[in-house]
Each structure stands twice: as structure tokens, then as C-alpha cells.
Protein chains: 2
Amino acid sequence: MDRKTYKRKIYLEDKPRSQAKREILEAFSLPFEIEMIPTSDALGRVTAEPIFANVSMPHYHASAMDGIAVIAEKTYTAHEQNPLQLKLGIDFAIVDTGNAIPSPFNAVIMIEHVDMIDEETIEIIEPATPWQHIRPIGEDIVQEEMLFPQGHILRPADLGVLLAGQQLQIPVAKKPVVTIIPTGNELVEADSELSSGKIIEFNGTVFANFIKDWGGEPRLHRIVKDDPEQIKSVLLEAAQTSDIIVINAGSSAGSKDYTVHIIGEIGTVFTHGVAARPGKPVILGEINEKIVVGVPGYPVSAYLALEWFVRPLICKYLQIPEPKRQTVSVKLGRRIVSGMGAEDFVRMNIGYVNGQFVANPLTRAAGVTMSYVRADGLLIVPANVSGYEQGEFAEVELLRPLEEIKNAIMFAGSHDLTIDLLSSQLKRARADMKIVSSHVGSMAGIMAIRKGEAHVAGIHLLDPNTKQYNISYVKKILAGLDVVVFPFLKRKQGWILPKGNPLGIETVVDILEKKANFVNRQKGAGTRILFDMLLEENGISSEEIISYDREMFSHLAVAAEVNGDSHGAGLGIYPAAKAMNLDFVPVADEEYDLVMTRSFYESESGKLLIDIIQSPIFKRQVEKIGGYEVVENAEPKKLV
Amino acid sequence: MDRKTYKRKIYLEDKPRSQAKREILEAFSLPFEIEMIPTSDALGRVTAEPIFANVSMPHYHASAMDGIAVIAEKTYTAHEQNPLQLKLGIDFAIVDTGNAIPSPFNAVIMIEHVDMIDEETIEIIEPATPWQHIRPIGEDIVQEEMLFPQGHILRPADLGVLLAGQQLQIPVAKKPVVTIIPTGNELVEADSELSSGKIIEFNGTVFANFIKDWGGEPRLHRIVKDDPEQIKSVLLEAAQTSDIIVINAGSSAGSKDYTVHIIGEIGTVFTHGVAARPGKPVILGEINEKIVVGVPGYPVSAYLALEWFVRPLICKYLQIPEPKRQTVSVKLGRRIVSGMGAEDFVRMNIGYVNGQFVANPLTRAAGVTMSYVRADGLLIVPANVSGYEQGEFAEVELLRPLEEIKNAIMFAGSHDLTIDLLSSQLKRARADMKIVSSHVGSMAGIMAIRKGEAHVAGIHLLDPNTKQYNISYVKKILAGLDVVVFPFLKRKQGWILPKGNPLGIETVVDILEKKANFVNRQKGAGTRILFDMLLEENGISSEEIISYDREMFSHLAVAAEVNGDSHGAGLGIYPAAKAMNLDFVPVADEEYDLVMTRSFYESESGKLLIDIIQSPIFKRQVEKIGGYEVVENAEPKKLV
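Everything numeric here is computed off the predicted structure, so don't read it as measured data.

Engineer: Mind showing me how you'd approach the confidence of the model for chain A here?
Structural biologist: For residues with low pLDDT, the predicted coordinates do not support detailed interpretation. All names here are of chain A. With 97% of its residues at a pLDDT of at least 70, chain A reaches an overall mean of 92. Mean pLDDT across the elements of chain A bottoms out in strand S30 (residues 434-439) (88) and peaks in strand S16 (residues 217-220) (98). Predicted confidence is poor over residues 1-8, with pLDDT under 50, and the contacts of this stretch with residues over four places away or in other chains come to 18 contacts. As scored by the predictor, the complex reaches a pTM of 0.91 and an ipTM of 0.90.

Following this line, the structure appears as C-alpha cells:
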């Protein structure tokens, strides 16, 4: 069978996500199976039936105190003016907390209220009332009481009451077996030698761990080639051995997207495409009464589709409610546009600045796994909403604990490799702190300080008139704000070039004349401003530069692009060239400063940050990279 | 060595918890160890060092779309009025999403924008711009970029980027080994035959699971007898094999509480007693540079002490922040009194009634494990606060997801065994719902409705004048509220007596004359009101009844007490007697009704509850217990 047999399908459905979910949940016939397991192994498992106590705790009359057991009625005459003497073995017995009360005693007097006369005799000056300081049978657990209903997720202390109730083996819901089938000719195992066009298969491992986390039992199949017959036989086999099947990629409408046709042939397709982004090209169907979910190949789409459809199936199987994420109301730092007719799941960075939560969208590209990993939350734009304006408030589902977000230092501005080192050192000093950085470029970094969206901005902006770095920009853009410009690093900028510099680039004129494929930075980046200045100084128009519009967001990204093209050239910092083993021709020595509000600079977090920057260990680490010089004993630059 | 050698110490220190914690954290010298593990097994583990990408993703120029690869510069003439034809292999190549862009192509045109002329020829009507629809190298992950700092807890998607960055083995923090030593002559394994004075050892299993949950590696030692020499040798051995030692019980000041003396002898005691309840009698010390934590024997004290001191040690070892619980502001349904000078950790039930969170304290007895298991949250009363008034608002740390609390139906009132069954059926119908019941007695149940603390109250209150159940009480106490009284069950009350009825009890007069040890119910319980009525009808004073003041909070608890005493007698419902295999002599047929506000009765939850009550399966289950009759096709009782 080849691509001619399976007609290419270009358009997907736009079924509402809730409807698609309802349909598979209804089709998911529960083979609800119970297994008996030892209670001590049951952490996180789900009770399959109500569980009752077999015995009471305590199961006897137990002393609640250290003291003596007496017959209360025989102590009624005791009084301060009329002490009562009692004999060991006849009138009282010694009991510690938890001891059984020996017959015929029916009360306990605390040891602190007893006077020892001799080894055999004590004296009391206050009567006891019947049953005082005696734990009733079943004070904690009463035999036959229900300890847990079915559907309860067992926590550590729950295991204690089960054991105390002598329930040593308990019925729990079997974990649903979820077979995960990665498909694609382009996929290779993670330990393979990489060649062009080959992609490491990692979605399967991620799926398996999500499923484990959600209470399922994942089985990760080996990679299956894009061969309809093979895919078909693997699917049929999985339908026999699993409760749920997840097949990765081939779910869209490309020339090798057979999956939907195969499922239609050997089973039923309920849905092909939901009105939600990313994650739209999903397939929901059934093969031999087993639900099959076809998830898109792009990682972020895949993880969302898995959460939308596989998690509810697992929860239904276990008879537990679907967990909901904590939400927080955030102020939007940027406008968010969303097409009508489909939900949009936007990954957001959230910062806690000046006492409020501020959030900005990360890239919406479905292929950028790091944007999911780095996201603090998800903003779900409903299908009938076209977006939100900057400054509006919106509810965001949290992907990290709120506390972690609250303690993060928000860094915006120019990309520099040392920021990661700084974050590492900060975390070492205070495990609950870190730096969250967004590489938006120097100009956007200053704007983030102005808009109250960042604590610190890293900038390197050369003023073509004064030939001075940063100060004139800060004075102009942050006029009226009480800010500090702290000298952080001196660093080398230069041409990043393929190994051996095959085009022989030395100056900006060479970039033009030798027709280099230029790899540029985004607008507002300090490096771009530097490049534009070089062009202007040499009378070159940006239109003359090949691929001037090809924008990268970091020095490393520029280096990676140059690395893939023997005619490539970029402008960036030395360590980026060094990391990729590329040539580097110095162009400028830059002053990379940190801008922050004075209130942050003087806060506990701000002081800690400055302490770390000036620590010998950080200086050593930075200078080891090369191309950097830490400014020693730095003081804020004068702004007047 | 016997108890004479170790002098009994009656008083404990009152060290502030924060100080005690700071001291052991400072004494805890980090043997920070790193282990390399396969990335695919690393879920939940903590990175020990910053981890950088070994390769970029994508590591080649990849097509971002299904379509054709072209040389952008050669498409510039394409126009709607001037279509451009391109030849396969010369002018273009077919590419699917993810495919490498073959040289010399530098742009991709989406398949939707291409017209097929023949097998070899296509036509386009729009030019391409260079690098359009091509994923730059490193769009997702750039080689050498920091994927995670140290101290990051790995989540499913994190494993994906590690694999994508070809980090197949990663350095994670070794889990700290925590040895748990249960001590006590009274302890027996959970599978033992129970005899008087013997207690099932279950704390060890609970500790082990808490420690597992917090990221440690628990090692549960077998039970050690109360023998100082044995305890000493086990502690010394544990100090060699573990990072942290937890020893359970013996931490207080009783006659067998050697632990503090032993630790002092072979190591150092930092703290014996903290100003916090329960959990006060804790020991913090050091043996051969290993921290040892002696936790109290009572389960709730033990779990709190473990959380206060062992969790921070594990977090410090792993270099991660201590997680904080979500909190919620609640209205207090009852006054909470707390002694000054010590923090109080009060277990709370939280209900969401009439749009607000209302919380009530559970028992504060440290031995009642179920109160910890049933708690929705912890109210921490600071040392310098003497408590809170009823109606005040306070912040409570959540022990369950807020969603679960929001969806629970709050049941207050008289204890009945069928309420658990009802909760089970409700959960089967809607996995996210359940009934949370507090057995406070009929009168307190009605009051809970009046105060807006419960959705439903179960009552059985006989009016001595009208001989009618419930109506007169509801009319009086809930005057002015729009409520519904829904007939739920008819049930038999009677004397619960030891097997064979050794005292030959038939009437209330027999209770008096045959000197039965009476097991009473708490004030306000319908059963107590019934007993008082019987006493009055027969002219008996409550003072004449033996142990009239001994109060239990449920029918099962009464039965458990009777079961332990051949002269015992109680009043309660048939199924409680049956559950303990006791004798039962019927006294009255009761009407057990449910009281709820009309707004709850008419809500979705209310309707579901009534549907379940009237379902054949629930009726069958209830009648199988015996002593019950479900009211069929019930309608609310008339209140006028």
C-alpha cells in the first residue's frame, strides 16, 4: 500500500474539544478490574471498594496517660485534708500510656498527681471519676466503620489506618494498560548517531511518564516505520493487550498521515481534528472496543492532546475525578490574539513583580518543547474569544507551584550565557529562588522594567552619538523612574563564522561583498543595533545584506545557524562561537549592564543577587567561559 | 539497665519549633552525593548539576510544513497573473513536516498553495521569501544551552527535552537514606493475633511512605523492644548506614522513655520538646554526625513532628525548597481555644456551603489517626494567639485539593451507618462528589443547618409531647428558614447488650436494677434524648445510672464499649449490635429524616442525592444490613 491508496486528506474537523471528549468517554466501556495488593505497597493507588475496619483501635481499654489504674468508686473520699492511701496490686496498678487497664480498675490517675509513700503504697488527695484518662475501645477506629469509600487515592497516613484496622491486603483498581506506539521513518532512538532528517524519538518516554503520573501503566512500543501494514498489525495487537492505545504522529493530513485511514479500516474513527490549538490534529477512535488516541507529532500539541483525552480516560477507568490545576489571575504584559472558533492554549511566563502577577506569552510554535517546559502556566482562550488586550487580567492554569513563581527573579533583556550560571549560583544559595529569563533583547528588557514586568534587565546598547553604553537609553526610556544601572560584564562581540572562515570575513563590508548568508538578531536586540550601526557607518543598506530578515533570539541560535551553512555569518558573543566550535573575529568590547528599580536593588533578593555577582566563585566560572570580564567591586553607574 | 538507671524526666523543653528546626538544619552536614541514572527513569528526581544540551533540536534545517522546498530567489516572478512552473528535482523537492531541506533549497511553500500540473511539474502564483516555513537549527533546543539548573525536580516533559538534547544519563541527587526504628514492647506486626495491651505497629509504614513521597529512601527496621542496650546498638548501626534516623516513641517523659538518655549517651541531644501541639515531645539530636529525630508515639503527633523536622532535612539534602501547602480562608464554625506559648495544629473539616468555606475543628486528641485522615486542612494557631472566636475568618493549610472540598456534600447530625453507603453510591454516580459526615448528634445537626455549616442534617428527635418525630424540633429551631424535611429511613433502636444478655436486660428499669455499666451518647444525640425520655417516664434520675456520663459519639462506638464489658449496656441501632455480634432488644421504631435547605434540595447535588436515596440498588443495600426500612417514593414532610 502506498500513498496513492490512502488519499490525502487536507482538511480536519473542528469538533469542540468537550464534545470529542464526551464521545470517547461514553465509548470507553469499563472493564473495571480489581486487584488485591499489600496495604504497605498501596501509596497512590485507588480503593476499588469501600474498606471497613476489621478491628477497633484501641481494641481494649487503654490508659491515655502514664499513671495508676484505680477503681474510681473507691477514691471518692480522697481530699486534700483527707489523703487516701492505696496499695499496689490491691487498690491500684501502674500503667503507662497505651497499657491495657487491668480488671477491675475503671479510671486512671496521672502520675503527676500521685505521691509515692513506699514501693507498695501511694497517696492521692483527689478522687477519680469513672473512665477518666481511659481511651474508650474504638476511640480512633471502630470495628466495622468505613475507613475509605471506593475511589479514594491512598496517602501515607491512610495506610496507617488500614493497617491499624488490620486490613493487610486491600482491593485497588487495576492500573489501565496504555500502549504507546511511536511511528515515523524519521524517528531514531535517543542513543543513535544523528544524521540530517533524523529526529530523536522522545515523545514516547514523555507520554509514558505522564501516564505513570496519572495512574496508568504505560507500555512503550518500539518505533514503528511509516508502513501501513506494520502500523495496522501493531494496532491490532495493542488492542488485545491494552486498555487504551496511543499512537504518535501521522494524525494530521500530510502525505504520510495514514493513521486515520488505518483506524477507519480496522475500527471506527469518532473524531479527526478538534477546535483547539495546538493539538488540533488529533484522532479519536476505537479498535476492537479499545479506545485509540492518535496524537500529533509536534511535542507541545502531543502533550496537550494527551492531557485532553488520555488523562480523562485513565481517571474514568480508576473512577477518580480529573484533577484540576490551581489558577491565578495575571495581568497580561502583551496583547494576545486568538483566532475565533477554536480554543487556544497559550504557554505563559508568569512573574511576581511589584506585588502583582504579570504574564507574557511564550512562543506559540507547537514544535518548541522548551516553551512547554519553561512555561509557568497555560492561558486557555475560549473558542468564542478573539484574545485579550495588554494590561487586561486573565485566569491562568499553573504548571508550577505558585510559591516557586513568587520567588523567581524575572530577568528580561539581552541574551547572555552567564545568566544561567547566575541562576544556578542563586539556587545554590537559596534553594527556593531562581532566575527566570526571557531573551527579548536589550530594548524590550528596558521596556519590561518600565512596564513593571521584570525585576532585572540585561542591556548592551551603544549610543552612536556618545559612543557610550546604556546610560543614554536608560535616561530616556526610564525617565522618572528611580532605577539603578549596575555594571555586570565586559564582553567581546564579533563575527561568528564557519570553522576556518571559508569566506574570509573580517569586516561588515566583507559580509556584503562576499555574499554571506547573514543570520540576524531580532529588532531591539543590542547586537542588531550594533550591526545596524556598522552598516550605517559603512554606508550599506540593510536590503543589500542577504537574509537580513532572518531573525534569531539568542547568540547560541545564531551560532547554530551559522554552523549549518558554510556561507553563513552572524554577529554575536565569543562564548556562543566557542560552544559550537566556530571561528570568531572580534568587533567590539561591550558593556553589559543590569538595570533594576532601586526598590528591587535594595530588597533582600536584590542584595543576594549582587552578592553572588561579586562572589569569587561566580567570577571564576564566568571567566572560565572566555570572552568575559566581570567588573570587580562594581558600583551603580552615575545617571546624572 | 532498668528504669532506675534512667531517671524519669517529667518536664520537656518548650523550644520554638523554628529554632529547633534551624538548629538541626545547621547541624546537618551535607554528604551531597550524585548518581548518574538513565534519563527515562528520572521522573521526580532532582538534578544535581546544571544540564546542558549536547545537540540542537532540530539539528538541521527542517521543513515546518508539508509542501515543496524551493530556492526563494527563483520564485520572485511568480504572480497570480504570471504563474511560475517548477520542475521536480531541479526547481523543487517534495518535503513533509520535519524533513531536512535538501541543498540548495532555502524556502518551503505549503502544499495547499501548489498546483500539480503533472507528476514532475507544479505551478505557483506567489513568491516565497528566503527561509519561510523552515525551522531554524536549534529552534527548540540549542546545543550548549542550559536545559535545567541543579535542584530541578524532573517532570514528564522535562525528560523529553533531556532526551532531545541527547542527555541519556543524567546526574541526580542521591536520595537520602532514612532509617525508621519503631520501638516498644507493646508493638506487634500488623498481621499478628491481637491481645489486650498489644498495638499494631503502623507508624513505621506511614513514615516510610511520607519519606518516599518527599524524595527520601526509607528503610523500615523491624520492631525493637524497650531495651536500652538493644535500642543503643540499633541506633549506632543506623548511624553508619543512613543519612537520617527516625526513632519512634520513647520520646516523651514516661517510665519507659529512655530514648533521650540513650541519644545523650552515644551522641548529642539538641532539643527535647518543642512549643507546638500535638507533636511536642520530640527529640532532635545527632549520633556520629547523623541527625536523629525521636518522634512521639501518638500517630498525629508523630506525623506532624515528621513533617516539621524530617521533611526539611530531606529537602536540604536534595537542595530543593520545602513545598508549601495551598491555603484557603475559612469561616470558623466553632470557637477555637489554644494555650498561649505553643503553636497549635488543629485538624479541620472544611465545607463549602452557601458560597463560603466553613471549617470546624476535629478532635484534638493526638491518638486519633482518623482525625488526621479525615481532616481537610490544618489550622495553625501561632504561639502568641489564644484562639479564635466562632465566625472569625482564619487561613487554613489544605490537606486535600480545594476542588474536592468544594464538591463535597456536608452532612451533620445523627450517626447512621447508611450515610457511608450513600456516599459510596454518590461517588459511583459522580467520581468528583462525596459526602463528608460529622457525627455530632441530631440537635447539633439542626444547628449546623441553621448556621450554614452543613448541606444536610440527619435527625431522629422524638417529641415527648406529640410523640411525633422531628417536625416540632425543625419548626422551632429553623423557624424562618425555608427547609425541607425528607423522610429517609425507619430504623430500630434498642438495648445493645453483651452476647447472651448476661444481665437479662429488657427495659430501662433493668439497666438501673441490674447495675449495668451504661454506655451513653453525647448530649444532643437523638438516642440520648430517647434514653432520657425513658428515664423520665419511669421516674429514674440520671444520677442513679452507672457511668451515665460516659459519652460515645456513634452507635458503633457504643457497641464496641459494650463488647468489652460483660456488665455493659447501651442504647443504639440494630446494625451496630449486629456488626459486633452482640445481643439486641428493640425499644423503639424511629423516623430518621434528612433536613436540608430548599435551595440545596433543589440544586443539582440535592437532586442527585435524592435520586440515589430512592434508587433500587441503594434500597437493597440498606435493607440487607437489617433493622432498616427505606421510605419508598418519599415526599418532603409537611411542615404546616
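Engineer: Honestly, the interface of chain B and chain A in this entry has me stumped. Any pointers?
Structural biologist: Many analyses report the size of an interface as the accessible area lost when the parts associate. Chain B puts 104 residues into the contact, and the matching count from chain A is 104 residues. When the buried area of chain B at its contact with chain A is split by residue, Trp 131, Pro 156 and Met 370 of chain B rank highest and sum to 6% of it. Where chain B touches chain A, the interface holds 4 salt bridges. Lys 324 of chain B is the partner of Glu 403 of chain A in a salt bridge, and the nearest nitrogen-oxygen pair spans 3.5 Å. Taken together, the links from chain B to chain A amount to 26 residue pairs in polar contact (both at pLDDT 80 or more). Elements with a contribution of two residues or more to the side of chain B that touches chain A: strand S11 (146-148), helix H2 (156-164), strand S15 (199-200), helix H3 (203-213), helix H7 (369-374), helix H9 (418-429) and helix H14 (555-563) of chain B. Considering every element that reaches the side of chain B that touches chain A, the biggest residue donor is H2 of chain B, with 8 residues.

Engineer: Looking at this structure, how should I read the relation of the copies chain B and chain A?
Structural biologist: Copy one and copy two of the chain differ by a rotation about an axis and a translation along that axis. Placing chain B over chain A gives an RMSD of 0.1 Å and needs a rotation angle of 180°, together with 0.0 Å of translation along the axis. Both copies are brought into coincidence by an operation consistent with a two-fold rotation axis. Minimal C-alpha separation from the rotation axis in chain B is found for Gln 326 of chain B, amounting to 4.6 Å.

Engineer: What exactly am I supposed to notice about the sheet that holds strand S20 (residues 283-287) of chain A here?
Structural biologist: In sheet architecture, strand pairing relies on hydrogen bonds along the backbone and comes in two forms, parallel and antiparallel. Residues and elements named next belong to chain A. One open sheet holds the 6 strands; their spatial order is S16-S13-S17-S21-S20-S18, and the pairing between them is mixed. Looking at strand neighbours, the two that pair on one side only are S16 and strand S18 (268-272), the edges of this open sheet. Across the sheet, the mean angle separating the axes of adjacent strands is 20° when strand polarity is ignored. The pairing of strand S13 (residues 177-182) with S16 spans 4 bridges and is classified as parallel. Among the inter-strand pairings, Val 177 is bridged to a residue of S16, identified as Glu 217. Contacting S18, S20 and strand S21 (290-295), helix H1 (residues 17-27) runs over the sheet at an angle of about 160° to S18. Lying over the sheet, helix H5 (residues 259-266) contacts strand S17 (244-248), S18, S20 and S21, oriented at roughly 30° with respect to S20.

Engineer: What exactly am I supposed to notice about the domain arrangement of chain A here?
Structural biologist: For chain A, the domain assignment lists domain 1 (17-31 + 176-318), domain 2 (34-57 + 140-173), domain 3 (62-135) and domain 4 (450-630). In this structure, domain 1 of chain A and domain 3 of chain A have C-alpha centres spaced 70 Å apart.

Engineer: I keep staring at the pairing of strand S4 (residues 67-70) of chain A and nothing clicks. Help me out?
Structural biologist: The two faces of the sheet receive side chains in turn, since in a regular strand these alternate between them. Residue and element names in this part refer to chain A. The sheet contact formed by S4 and strand S6 (residues 92-95) spans 4 bridges and is antiparallel. Bridge pairing in S6 places Ala 69 opposite Ala 93. When S4 meets strand S7 (residues 107-110), the two strands line up antiparallel, connected through 4 bridges. Of the residues in S7, the one forming a bridge with Ala 69 is Val 108.

Each value, and the rule that gives it
Residues numbered from 1 in each chain as written. Chains lettered and ligands numbered in written order. Predicted model: local features only at pLDDT ≥ 70, side-chain atom pairs only at ≥ 80, totals over all residues. Heavy atoms only, no water. pLDDT = per-residue confidence, 0-100. Helix = DSSP H or I, 4+ residues; strand = E, 2+ residues; numbered from the N terminus. Contact = heavy atoms within 4.5 Å. Buried area = accessible area lost by both parts, 1.4 Å probe. Salt bridge = Lys/Arg side-chain N within 4 Å of Asp/Glu carboxyl O. Polar contact = N/O pair within 3.5 Å; in protein donor to acceptor, adjacent residues only side chain to side chain. Least-squares fit on C-alpha atoms with pLDDT ≥ 70 in both. Pairing = 2+ DSSP bridges. Axes fitted to C-alpha atoms, helices over the stretch in contact; angles between N-to-C directions. Domains from an automatic or database assignment.

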